[in-house]
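# Survey of secondary and tertiary structure
Residues per chain, in single letters:
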Amino acid sequence: MTWQERYGSALMNTFGTPALTLMRGEGARVWDADGRAYLDLVGGIAVNSLGHAHPAIVRAVSEQVATLGHVSNLFTSEPQIQLAERLDGLLGHGSKVFFSNSGAEANEAAFKLTRLTGRTHVVAAEGSFHGRTMGALALTSKQAYRTPFEPLPGHVTWVPYGDVEALAAAVTDETAAVVLEPVQGEAGVLVPPTDYLTEARRITKERGALLWLDEVQTGIGRTGEWFAHQSVPGLVPDVVTLAKGLGGGVPIGATLATGAAAELFAPGSHGTTFGGNPMACAAALAVLDTIEADGLLEQVTRVGKRLREELSDLPEVTAVRGPGLMVGVDLASLDAPAVVAAGRAEGFLLNATGPGTLRFVPPLILTEDDVSELVGAWPAIVGRAAESGGAA
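Cut-offs applied
- Residues numbered from 1 in each chain as written.
- Predicted model: local features only at pLDDT ≥ 70, side-chain atom pairs only at ≥ 80, totals over all residues.
- Heavy atoms only, no water.
- Helix = DSSP H or I, 4+ residues; strand = E, 2+ residues; numbered from the N terminus.
- Contact = heavy atoms within 4.5 Å.
- Areas by Shrake-Rupley, 256 points an atom, 1.4 Å probe, with all protein chains shown as cover.
- Lys, Arg positive; Asp, Glu negative; His and termini not counted.
- Charge placed at Lys NZ, Arg CZ, Asp CG, Glu CD.
- Salt bridge = Lys/Arg side-chain N within 4 Å of Asp/Glu carboxyl O.
- Buried < 20%, exposed > 50% of the residue type's maximum accessible area, 1.4 Å probe, protein only.
- Pairing = 2+ DSSP bridges.
- Axes fitted to C-alpha atoms, helices over the stretch in contact; angles between N-to-C directions.
- Parallel < 35°, antiparallel > 145°, perpendicular 65-115°, else oblique.
- Left-handed = near helix turned anticlockwise from the far one by under 90°.
- Right-handed = clockwise from strand over helix to strand, strands pointing away.
- Core = buried A, V, L, I, M, F, W, Y, C linked by side-chain atoms within 4.5 Å.

### Some details on the overall build of the chain
A count of helices and strands for the chain gives 13 helices and 15 strands. With the C-alpha coordinates of the chain rotated into their principal frame, the extents come out at 60 × 55 × 45 Å. Sequence-distant contacts, at least 24 apart, represent 70% of the contacts inside the chain between residues at least 6 apart. Carbon together with sulfur atoms contributes 55% to the accessible area of the chain, which is approximately 16,600 Å² in total. Put simply, the chain has 27 plus and 43 minus side-chain charges, and the middle of one group is 3 Å from the middle of the other.

### Overview of the pattern of salt bridges
Tallied over the entire structure, the rule returns 15 salt bridges. Here Arg-359 ties to Glu-186 by a salt bridge, and the two come within 2.8 Å at their closest N and O atoms. Of the two residues, Arg-359 sits in strand β15 (residues 357–360) while Glu-186 sits in the loop between β7 (175–180) and α9 (196–207), which places them 173 residues apart along the sequence. Linking Arg-202 and Glu-199 is a salt bridge whose minimum nitrogen-to-oxygen distance equals 2.8 Å. With Arg-202 and Glu-199 both in helix α9 and 3 residues apart, the pair spans about one turn of that helix. Taken together, the shared-partner salt bridges in this structure form one network comprising Glu-199, Arg-202, Glu-206 and Arg-207.

### Some words on unusual backbone geometry
Going from Glu-150 to Pro-151, the amide bond is cis rather than trans, its omega being 5°. On the secondary structure map, Pro-151 appears in the loop between α7 (143–146) and β6 (155–159). Residue Ala-53 is not a glycine yet carries a positive backbone phi of 55°. Owing to a relative accessible area of 53%, Ala-53 belongs among the exposed residues under this scheme. Of note, Val-189 is a non-glycine position whose phi angle comes to about 60°, a positive value. Tracing the backbone shows Val-189 in the loop between β7 and α9.

### Some details on the sheet that holds strand β10 (residues 253–257)
Taken in spatial order, the 7 strands line up as β4-β10-β9-β8-β7-β5-β6 in an open sheet, and their pairing is mixed. For this open sheet the edge positions go to β4 (96–100) and β6, each flanked by a neighbour on one side alone. Going across the sheet, the axis of each strand differs from the next one's by a mean of 20°, ignoring polarity.

### Details of the packing of helix α11 (residues 296–312) against helix α13 (residues 368–387)
Taken N-terminus to C-terminus, the directions of α11 and α13 make an angle of 15°; their axes are 9 Å apart at the nearest point. In terms of orientation, α11 lies roughly parallel with respect to α13. When the axes of α11 and α13 are compared, the crossing they make is right-handed. Facing α11, whose interface residues are Arg-302, Val-303, Arg-306, Leu-307, Glu-310 and Leu-311, α13 presents Glu-368, Val-371, Ser-372, Leu-374 and Val-375.

### Digging into the side chain of Gln-64
By the element assignment, Gln-64 lies in helix α3 (residues 55–65). Beyond its immediate sequence surroundings of up to four residues, Gln-64 is in contact with Gly-69, Pro-79, Pro-278, Met-279 and Ala-282.

### Here we look at the pairing of strand β8 (residues 210–214)
The buried fraction of β8 is high, at 5 of 5 residues. Going residue by residue along β8, you find Leu-210, Trp-212 and Asp-214 tucked away on one face and Leu-211 and Leu-213 tucked away on the opposite face as well. Crossover β7 to β8 through α9 is right-handed. Pairing analysis gives 3 bridges linking β8 to strand β9 (residues 239–242), with the strands arranged parallel. Bridged to Trp-212 within β9 is Val-239.

### Examining the nonpolar core
One recurring pattern in soluble globular proteins: nonpolar side chains tend to sit buried together. Core analysis: the largest hydrophobic core is formed by 59 residues, its most contacted members being Leu-87, Phe-360 and Trp-378. Not counting residues up to four positions away in its chain, the partners in contact with Leu-87 are Gly-92, Ser-95, Val-97, Phe-99, Ile-220, Leu-242, Leu-246, Ala-254, Leu-256 and Leu-288. If you look at the next biggest cluster of nonpolar residues, it comprises 19 residues, including Leu-167, Ala-170, Leu-197 and Leu-213.

Note that all results are geometric; they support no functional claim without further evidence.
Quick look at the structure:
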């Protein structure tokens, strides 16, 4: 049996049969079961911030598991406290953190936190994606995801993303929180107007609601800032959720809260067995150390700019958007999944977020030479996609 056949017989069919079985990775490249190499422009969907098999993560996890692997939430550990302090130093404003294992869990914790305000109404944005667990799913916009599992928790109102007037009309004195992504990733890397988050902060303050920013995809250097919202001067959210790139491939989530929101949870309010695990926290510390030591925020800004500029001049591309190494590309006539398949055949891992949109969320270590490699192969990729009948 092939790896794909074995997958189909052993795993639940939640994702369909994967196109590849990957065996190893190094830097921004991975190799499949046949030994073929690919330039990874998906990065585990914005997770592998330092690429694959980065020595800093390998060393941190190896040393930690050889010292102290797991302690439960009955005890704490040095890496857990150090990581909490580091995240507060990066976010500021006297934040406190609850650690979990994924973005969905981070958002579940934040959702529960909002209930402790005494209010139950939440305003979310159309096009949003906050996770697949029941609470996070209740805040996720796509009806097709939600319908099979309704009724879902909460009283949720969705408003058009980036529309300040609609947001102001939806937030009332009964609203517990407004939850927004600084850039919508699953919707195709949508960037809101420059004043949107500032206005969201003003509106929530006026109504006594929390401003909750879901930075699961945008956080930890993805946009060229530690947190995407830090590109907005003076913006202080009440809650920020993180995951994905924080652990560089090791599962970890984090729910940070500032001000009065940081004091809402009390003993017994919430819990986790594996959250704040010493190994995951050690990996996250290695990620933060490496981003800082290697100047990766500057590299993300520089390489991301080059990637957007180069993509804008390529055939079939009609629009390019996004900050740093979070880039959305709209296609003129080709079906995006066909381009993904063609890219794979040419040695590139790509991602489609819709029928005509690609998303690039590669490792933060991506280089300008890697961008040139993609640009050089682009004519062959779109040619192959067209030959396959992949017209939208």
